[in-house]
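Architecture at a glance
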Amino acid sequence: MKVTIWLMGGYGNQLFQYNYGEFLRSKGYDVSYNHYLLSRNITTRMLGWTIHEQMNTSIFPNDVSNVVKGLLVPLFAKIPLLNSLVCYYKHTARRPTARNIFGYFQDFFTEVETDHYISVPAVLPNQTIVCHLRLGDTVWNRGKETNILKKFLEFEPSRINDKLVLTDQVDKVRELVPPDIKVERNSLKNDFDKMRSAEVFFASDSTLSFWAVRLGVNKLVYVPDNRLFRTSLQNLQNTPVIFY
């Protein structure tokens with residue numbers, strides 16, 4: 001059966017969508033991806049969606065297409081009679097019958113599989129201590145972000161390591177940390193690889209941090225104590241996990 005996964009949201013969300021698509025491919029589905037909803041167009045304007053920075057990488061196969069399939073197709077997912085054509089993801093539908101699927105798929109890890117189906121270019125480990133601090137559009141996570149920054153600042157390495165904060169609010173974070181700690185916002189790929197390769201990584205309560213841990217080479221990680229992180233990371237191979 002042919003299935004199209006409609007990519008949407010930031011890169012962390014897209015990795016969940018791609019992971020689900022590759023899971024379906026492993027089950028015999030003919031999977032393709034459409035990234036119409038990643039660009040500024042009439043649909044995303046109507047929905048009021050933020051258009052995030054995209055990362056050009058080999059992680060997505062060549063069948064990702066930017067062919068506009070129209071304004072109405074995403075909206076059809078809300079009409080039950082059309083669910084054979086298009087639907088929003090539900091973890092109870094492990095073998096979907098719709099030809100077009102929308103969703104964020106995060107409960108795939110908590111309800112269906114704890115393994116992932118993504119492979120990315122390797123990174124070499126380094127000796128940095130990195131904290132991902134995401135403040136821009138996660139107001140509801142401010143308490144957790146404050147907690148992880150506190151743990152990051154209190155962390156005493158066994159040897160001299162560079163400490164680095166990667167954030168979407170550089171000026172604001174500079175006011176919160178000592179001057180000897182670097183604060184950066186680089187390209188999406190650069191920041192993602194720095195998270196993946198850090199010796200110690202303090203993860204934000206974000207999907208990008210989640211995938212940095214899943215796809216990284218860290219020796220120690222601090223992660224949020226929520227259902228997604230705990231279910232998916234508590235048995236992370238070769239990497240001690242501390243929940244905060």
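Procedures and definitions
Residues numbered from 1 in each chain as written. Predicted model: local features only at pLDDT ≥ 70, side-chain atom pairs only at ≥ 80, totals over all residues. Heavy atoms only, no water. Core = buried A, V, L, I, M, F, W, Y, C linked by side-chain atoms within 4.5 Å. Buried < 20%, exposed > 50% of the residue type's maximum accessible area, 1.4 Å probe, protein only. Phe/Tyr/Trp six-rings, centres within 6.5 Å; stacked < 30°, edge-to-face > 60°. Helix = DSSP H or I, 4+ residues; strand = E, 2+ residues; numbered from the N terminus. Lys NZ or Arg CZ within 6 Å of the ring centre and 35° of its normal. Axes fitted to C-alpha atoms, helices over the stretch in contact; angles between N-to-C directions. Parallel < 35°, antiparallel > 145°, perpendicular 65-115°, else oblique. Left-handed = near helix turned anticlockwise from the far one by under 90°. Contact = heavy atoms within 4.5 Å. Nonpolar A, V, L, I, M, F, W, Y, C, P; charged D, E, K, R; others polar.

This part is about the nonpolar core. The biggest cluster of nonpolar side chains holds 41 residues, and the ones touching the most others in it are Ile5, Tyr20, Leu24, Phe201 and Trp211. If you look at the next biggest cluster of nonpolar residues, it comprises 19 residues, including Ile129, Leu133, Phe152 and Ile181.

This structure, assessed with the given rule, holds 17 aromatic pairs. Here the aromatic rings of Phe210 and Phe229 are separated by 5.4 Å at their centres, their planes lie at 85 degrees, and the arrangement is edge-to-face. With a gap of 19 residues between them, Phe210 in helix 8 (residues 207-214) and Phe229 in helix 9 (residues 227-233) connect regions that are remote in the sequence. On the basis of relative accessible area, Phe229 is assigned to the buried category, the value being 2%. An aromatic cluster is defined as three or more aromatic residues linked by ring pairs; in this entry it consists of Tyr20, Phe23, Phe105, Phe108 and Tyr117. We note Lys163 situated over the ring of Phe152; from NZ or CZ to the ring centre the distance is 5.0 Å. Looking at Arg230, its charged tip hangs above the ring of Phe243, at a distance of 4.0 Å from the centre.

What follows covers the environment of Ser32. Checked against the element boundaries, Ser32 lands in strand 2 (residues 30-34). The spacing of Ser32 and Ile5 is 27 residues in sequence and 6.3 Å in space, taken between C-alpha atoms.

With that out of the way, let us pick up the packing of helix 1 (residues 11-26) against helix 8. Running from N to C, helix 1 and helix 8 point in directions that differ by 60 degrees, and their axes come no closer than 7 Å. Taken together, helix 1 and helix 8 sit at an angle that is classed as oblique. As for the relative orientation of helix 1 and helix 8, their crossing is left-handed in sense. Two secondary-structure elements touch here, helix 1 through Tyr11, Gly12, Asn13, Leu15, Phe16 and Asn19 and helix 8 through Thr207, Leu208, Phe210 and Trp211. The class makeup of the residues in the contact of helix 1 with helix 8 is six nonpolar, four polar and no charged.

Helix 8 packs onto helix 7 (residues 188-197) with a crossing angle of 50 degrees between their chain directions and a minimal axis gap of 8 Å. On the basis of the axis angle, helix 7 is oblique to helix 8. Viewed along their axes, helix 7 and helix 8 form a crossing whose handedness is right-handed. Where helix 7 approaches helix 8, its residues Leu188, Phe192, Met195 and Arg196 are matched on the opposing element by Leu208, Ser209, Trp211 and Ala212. Partitioned by chemical class, the residues of the contact of helix 7 with helix 8 number six nonpolar, one polar and one charged.

All we've got here are geometric facts, nothing functional implied.
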